[in-house]
Structure formats: C-alpha cells, structure tokens
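Close look at the chain arrangement
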Amino acid sequence: MALSFIKKVFTFGKPAEEPVPEAVERELEPNSRDEDLPIADDPVLPEEMDTAGGPAADVGEGEAEEADIVDETLPLPPVDQMSDFGLVPLSLLEAEAETRAISESEAEETLSVPSGYLPHQGVDRSEADAPVSIEETAEVTEALSEEIPAEIDVKEDISIQPISPPVGEMPGRTADGISSETAAEQPKLESPVLPKGFATGPAIVEPQPIAPQPKLSWFQRLRNGLARTSSQLTGQITALFTKRKLDDETLQDLEDLLIQADLGVETALRVTDTLASERYGKDVTGEDVSRIMASEIAKVLKPVAKPLQLDLSHKPHVILVVGVNGTGKTTTIGKLAAKLSGAGLKVMVAAGDTFRAAAIEQLKIWAERTNSEFVGTKLGADAAGLAYDAFEQAKAKKCDVLIVDTAGRLQNKAELMAELEKIVRVLGKLDPDAPHTVLQTLDATTGQNALSQVEIFRNVAGVNGLIMTKLDGTARGGILVAISAKHKLPVYFIGVGEGVDDLEPFEAEDFAHAIAGLPQ
Ligand SMILES: Nc1nc2c(ncn2[C@@H]2O[C@H](COP(=O)(O)OP(=O)(O)OP(=O)(O)O)[C@@H](O)[C@H]2O)c(=O)[nH]1
C-alpha cells in the first residue's frame, strides 16, 4: 500500500493515465448508474470553457509553476540530495514497504483481540483517506469475529484501541455510565440535605386569620375613582405653571386642559376668568389653580346637588329608572330600595327589563335582600304592560314607592326609545303625574357620550334626575360638571361600589375637591 502511494505521487499531473479515483468508483458501483449513462466522447462545453490542452493548458504563471513541481519530466536530484528536497529515494521506500509488509503479516498471524477491540496498526493516510464501503467493513468485522481467538497475545509495541464497548464494560465506569471513582466518593444519604429554603416532610399549612380590610369611606372611593382624572389634571396644571407668570398663553393652555378633562367649555371659562381676575401677571402655583378650579366646579354643581324629593301623598310615588345598557340601573334600584325600606317605607320593585333574563332574576334577588315587593313577568313580555300591572298592584298594596326597572337601550335606537315612551304613557293612565321621578343612570367611565345620552332620554322619557354610577372605578367624573352646567338636572346620588350601601347622596363640594385632587 505504501508503494502504491509513492507511485501515485510520482504519476500526479499525468491526466491521460490518471485512473478513476477509487472513491468515485465505489460510489458508482452500488447503483451501476454509470452503465446507464451515455458517455460523451467529446463533451460540448459553453464558450467560456475549453478542454483543449488538458488541465494545465490555461493555467496562469503561478499555477504553471505549481504544476511543474510534480511533473515527472523534471530531473530528480541526486540520491544523496533528495532529503534536501523533502523526497525519499524510491529504493529506500520500497525496502521499507517490504519490511512493513512482513511485520503486518506477522502481526496477523500472532494477534488475537477480544471482541469489541481492533488492533491499532498506525495510520496510513492513503488508506485512511479512502472511503470504506459498508460491505468492506462488514467483511472485516466478520473475519475478525471468526478468525481471531478470544485470548490475545499482546505485542508490546502494538496498542489496543477500544471501539466503544458497552458502557458498563468501560473501564472506570459503572453501568449508569457514572465514573466509578465519583460513585464511590458519593456518600449514600438516608435523607438528602436540601438547600436553604426547603424542608422535607408533609406540608403543614396553618390557617392564618385574615385581617378584615377596612372599608374605605365613600369619599376615599370617590377620590380613588377620580384619581386618574385629578392626577392627570393637576400634574398637567403644575407643569403648565412651573416658573411661568399668568399670561394669555398660559390661560389658553389651562382652558384646553380643562376641556380635555370633560369639564366643558362653560366651566373651563369660569375657572380661567376667575384666575385671570385674581392673579393676572403674577406667579401662580399648581395648587392655586387647583383651589380656584375646585371652587368654580362646586359653584356649578351646588344647584344640582339636591335630595330626591318623594311625594308620599301619591301611594305609590313612582320612580322610573332609565339609561343606556349596563349603566347600573338594576343595581341602583336595589340600593335605593334598601335605603327606602330601611327607612320603614313600603317599597315595590318591578322588573321592566324584559329583554334580559338575568336582569329579572337580579332584581328579584335585590327585592328579597331589601324586603321589597317584587313584580316580574316572563322574558320578552311587553314592558309597558308590566309597568301598568305593577302600578296597579302597588296601589292595591298601598306601597309608598314603586321603582320600575327598564331594559337598557342606546339612545340612538329609535324603536327602543319609542318603547320607553310607551311605558311613560301607560303609567300616566293611572296617575297623570306618574312617573313622578324619571331617574337616569350615567356610567362615570363614559366621557362625552353621556351628554347626548342625557339629551335624548330627557326628551323621550322626561328624565328629571340623575345618578352617576361607578365613580369608584377609573371614572372620568368631569362630564358630570359639563352635564350639570348644560342641563341643570338634579343629581341625587352617586354610585361608589357594587354593594348595597355604595350609594351616596351627591355632594357638590366633595365632588369638586375629588376632581381637583384636594382633600375633603
Ligand atoms: N363599581 C361599580 N359597579 C357598579 C355600580 N353600579 C353598578 N355597577 C355594576 O355595573 C354592572 C351593570 O349594572 P346593572 O345594574 O346590571 O346595569 P343595568 O343598567 O341594569 O344593565 P342593563 O339591564 O343591561 O341595561 C353590574 O356589574 C353592577 O354590579 C357602581 O356604582 N360601582
């Protein structure tokens, strides 16, 4: 094999005689694909390619030099100078090859290796580089397993290389593949030592008494609800007046801020006018502005902060509750009923929201909780008819107050608004003054849309009082100031939670302070 390598070295660069590389031959053999392929004698190449002159024909100067080094036509140096050129005389190599062949055959005769091992015979690059087919590998393995005895007479100069024996048989390894030294080092623990923060044994969870959360006062809930509005507003005001005297520009900027907070143009102008008359050309702090703002808002709200007037001569005083879906009508009815029946009045509630089964059930529960009479009908029934029946029953039972729920409806749905009109008309048949109070609930999380809600419900149902709900959430209470300034409708209560007690009489000063971020 060494001889063939030497021959290859000295014949390189002779394309005409160059044999097909073994690797290529082997690759082609299994499928014999070369037999099927037509072999072109003279392949037609694209113009930029050329076969004439063989491989070296087109080489550049440098490449030609390289080619020359391996050209056998060059005269070889004298034998004693060959090592200077990195060459070994052929005669020496042939002699070495013969010796090697003898020692190989000797080794074959004397060697025997255990299964799973192969004799290591040094590395012959020419063989190592050539690919070995599966068939060849199988042949060698078979030959080894048949011919090589189990016991080995190891020659000192031949090393034995394992070919991955089973893990358990690896020297220095346990069956798990763990180093046997490491395994021996590890003490076998009865109970493992856990890191800090862990413990063994069954978990014992002792129930801890939960401290009751102190309920926030309604004003705290109102302030929390309006915190977003107030902190945004006061933050912007403080930024606006930092190191600035009060001039036309800052007044205009302040007006814009107040309008953006839903307070309405009218209230915004009131605030800026008062500020200008008191402090024009002077330094102004954010706190000065907040104080003036609270005072002006309170002036707008005071006239509308009224108690809900009940004319108990009517037996019953009829309260119709209207509003857009989800604004809190049913919940507010429950809260009102609780207050009134708690005060000793005989209350009846009527489930006029015949669109939503849950609303009927919800009101029934509120009636039970508040010891109120309940009148309901089936889902989809005529709401006006139900209102009429309830009124008759309340009269018959001598109730002090009848509160009629209605289905939520968007103010732009003409058909539903017409139905609401009908309920009012029907109630008026039994008492021309009924309904005595038409309450509209407004969701405090709504912005400018609440203005048009009031406008339309007022026209259709004769709304004569407001309740703003959900002021405990992330409310935008500024709109109530704008509505009050425009419609001047009484605001009776505010909703500050879902609980039965979370309905507070509307207080102008408190509300104004909460919006301005000032204490009560
Ligand atoms: N946080 C808070 N939630 C409220 C308040 N008032 C009502 N809600 C909640 O708002 C939701 C809607 O309330 P409802 O009373 O069902 O409203 P509605 O207007 O009767 O609804 P529709 O019958 O669909 O028109 C419910 O989850 C109530 O618990 C309030 O003051 N604060």
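Every value quoted in this text rests on a predicted model; they were computed, and no experiment measured them.

1. Description of the pairing of strand 9 (residues 491-495)
- Most of strand 9 is tucked away: 5 of the 5 residues are buried.
- With 3 bridges connecting them, strand 8 (residues 465-469) and strand 9 associate as parallel partners. Note on strand 9: the bridge partner recorded for Ile-467 is Phe-493.
- Between the parallel pair strand 8 and strand 9, the chain is carried across by helix 19 (residues 478-487), and the sense of this crossover is right-handed.
- Examined bridge by bridge, strand 9 and strand 10 (residues 503-505) share 3 bridges and lie antiparallel to one another. Among the inter-strand pairings, Ile-494 is bridged to a residue of strand 10, identified as Glu-504.

2. Side note on the site of the ligand
- In the neighbourhood of the ligand, 19 residues make up the surrounding shell, with Lys-329, Thr-330, Thr-331, Asp-353 and Glu-498 lying closest.
- Within the backbone of Gly-497, a nitrogen or oxygen atom sits 3.2 Å from an oxygen atom of the ligand.
- Summarising the interface, the protein chains cover 81% of the accessible area of the ligand, which totals 640 Å² for the free molecule.
- Per-element tally for the shell around the ligand: the top contributor is helix 14 (residues 329-342), with 4 residues.
- Across the shell around the ligand, the residue classes tally to 1 nonpolar, 11 polar and 7 charged.

3. Considerations on the environment of Gly-408
- Along the chain, the position of Gly-408 falls in the loop between strand 6 (401-404) and helix 17 (414-430).
- Here Gly-408 is in contact with Gly-323, Val-324, Asn-325, Lys-329 and Asp-353, once residues within four sequence places are set aside.

4. Thoughts on the nonpolar core
- Leu-222, Leu-471 and Phe-511 are the most contacted members of the largest nonpolar core, which totals 83 residues.
- Residue contributions to this core peak at 8 residues, all from helix 13 (residues 286-301).

5. Focus: helix 10 (residues 227-241)
- The first and last C-alpha atoms of helix 10 sit 21 Å apart over 15 residues, in line with the 21 Å expected at 1.5 Å per residue.
- By the burial criterion, the buried members of helix 10 are Thr-229, Ser-230, Leu-233, Thr-234, Ile-237, Leu-240 and Phe-241. Relative to the axis of helix 10, the buried residues are bounded by an arc of 120° and lie together on one face.
- Directly beyond the C-terminal end of helix 10, a positive phi value near 55° is found at Lys-243.

6. Considering the packing of helix 11 (residues 248-260) against helix 12 (residues 265-279)
- Viewed as axis vectors pointing N to C, helix 11 and helix 12 meet at an angle of 150°, and their least axial separation amounts to 9 Å. Classified by the interaxial angle, the pair formed by helix 11 and helix 12 is roughly antiparallel. Along this stretch, helix 11 crosses helix 12, giving a crossing that reads as right-handed. Side by side, helix 11 and helix 12 meet where Leu-251, Leu-254, Glu-255, Leu-258 and Ile-259 of the first sit next to Val-265, Ala-268, Leu-269, Val-271, Thr-272, Leu-275 and Ala-276 of the second.
- Of the residues assigned to the contact of helix 11 with helix 12, the class counts are 10 nonpolar, 1 polar and 1 charged.

7. A closer look at the sheet that holds strand 7 (residues 437-443)
- Strand order in the open sheet formed by 8 strands is 5-4-6-3-7-8-9-10, and the pairing between neighbours is mixed. Edge strands, defined here as strands with exactly one partner in the open sheet, are strand 5 (373-375) and strand 10. When the angles between neighbouring strand axes are averaged without regard to direction, this sheet yields 25°.
- Taken together, the 4 bridges between strand 3 (residues 317-322) and strand 7 define a ladder with parallel strand orientation. Residue pairing in the sheet places Val-322 in a bridge with Gln-440 of strand 7.
- Packed onto the sheet, helix 15 (residues 357-369) meets strand 4 (347-350) and strand 5 and runs at close to 165° relative to strand 5.

8. Description of the pairing of strand 4
- Burial along strand 4 is two-sided: Val-347 and Val-349 and Met-348 and Ala-350, pointing in opposite directions, are all buried.
- Two elements, strand 4 and strand 6, share 4 bridges in a ladder whose sense is parallel. Looking at strand 6, one finds that Ala-350 is bridged to Val-404.
- Two elements, strand 4 and strand 5, share 3 bridges in a ladder whose sense is parallel. Residue pairing across strands places Ala-350 opposite Val-375, the latter belonging to strand 5.
- The handedness of the strand 4 to strand 5 crossover, carried by helix 15, is right-handed.

9. What to know about the confidence of the model for the protein chain
- When the pLDDT values of the protein chain are averaged, the result is 74; 62% of them are 70 or greater.
- Confidence drops under a pLDDT of 50 for residues 1-74, and excluding neighbours within four residues, the segment shows 29 contacts in the predicted structure.
- Taken together, the stretch residues 147-165 has pLDDT below 50 and engages in 36 contacts with residues farther than four places along the chain or on a different chain.
- Note on the complex model: pTM 0.62, ipTM 0.98.

10. So, helix 19
- In terms of burial, helix 19 is a largely internal element, 9 of the 10 residues being buried.
- Three or more residues of helix 19 are buried, namely Gly-478, Ile-479, Leu-480, Val-481, Ala-482, Ile-483, Ser-484, Ala-485 and His-487.
- A positive backbone phi angle near 55° is found at Lys-488, which sits one or two residues after helix 19.

11. Considerations on the packing of aromatic side chains
- Under the counting rule described, the total for this entry stands at 1 aromatic pair.
- Arg-369 extends its terminal NZ or CZ atom over the ring of Trp-366, reaching a point 4.5 Å from the ring centre.

12. Some points on the UniProt feature "domain: SRP54-type proteins GTP-binding" (unreviewed entry) in the protein chain
- In this structure's numbering, the residues bearing the UniProt feature "domain: SRP54-type proteins GTP-binding" (unreviewed entry) are residues 490-503.
- The span residues 490-503 shows a helical share of 0% and a strand share of 43%, and its end C-alpha atoms are spaced 16 Å apart.

13. Considerations on unusual backbone geometry
- A cis geometry characterises the amide bond from Lys-315 onward to Pro-316, with omega recorded as 10°.
- With respect to the element layout, Pro-316 can be found in the loop between helix 13 and strand 3.
- Following Ala-434, the chain continues into Pro-435 via a peptide bond in cis, with omega recorded as -5°.
- By the secondary structure assignment, Pro-435 is in the loop between helix 17 and strand 7.
- With phi around 55°, Lys-398 is a residue other than glycine that occupies positive phi space.
- Checked against the element boundaries, Lys-398 lands in the loop between helix 16 (383-396) and strand 6.
- Within the chain, Lys-470 stands out as a residue other than glycine whose phi angle is a positive 60°.
- Mapped onto the fold, Lys-470 is located in the loop between strand 8 and helix 19.
- Take Lys-470: its relative accessible area is 33%, and that puts it in the partly exposed class.

Rules used throughout
- Residues numbered from 1 in each chain as written.
- Predicted model: local features only at pLDDT ≥ 70, side-chain atom pairs only at ≥ 80, totals over all residues.
- Heavy atoms only, no water.
- Buried < 20%, exposed > 50% of the residue type's maximum accessible area, 1.4 Å probe, protein only.
- Helix = DSSP H or I, 4+ residues; strand = E, 2+ residues; numbered from the N terminus.
- Pairing = 2+ DSSP bridges.
- Right-handed = clockwise from strand over helix to strand, strands pointing away.
- Near = heavy atom within 4 Å.
- Polar contact = N/O pair within 3.5 Å; in protein donor to acceptor, adjacent residues only side chain to side chain.
- Areas by Shrake-Rupley, 256 points an atom, 1.4 Å probe, with all protein chains shown as cover.
- Nonpolar A, V, L, I, M, F, W, Y, C, P; charged D, E, K, R; others polar.
- Contact = heavy atoms within 4.5 Å.
- Core = buried A, V, L, I, M, F, W, Y, C linked by side-chain atoms within 4.5 Å.
- Expected span 1.5 Å × (residues − 1).
- Arc of directions from axis to C-beta.
- Axes fitted to C-alpha atoms, helices over the stretch in contact; angles between N-to-C directions.
- Parallel < 35°, antiparallel > 145°, perpendicular 65-115°, else oblique.
- Left-handed = near helix turned anticlockwise from the far one by under 90°.
- pLDDT = per-residue confidence, 0-100.
- Phe/Tyr/Trp six-rings, centres within 6.5 Å; stacked < 30°, edge-to-face > 60°.
- Lys NZ or Arg CZ within 6 Å of the ring centre and 35° of its normal.
- UniProt positions renumbered as here; feature names shortened; annotations may be inferred.

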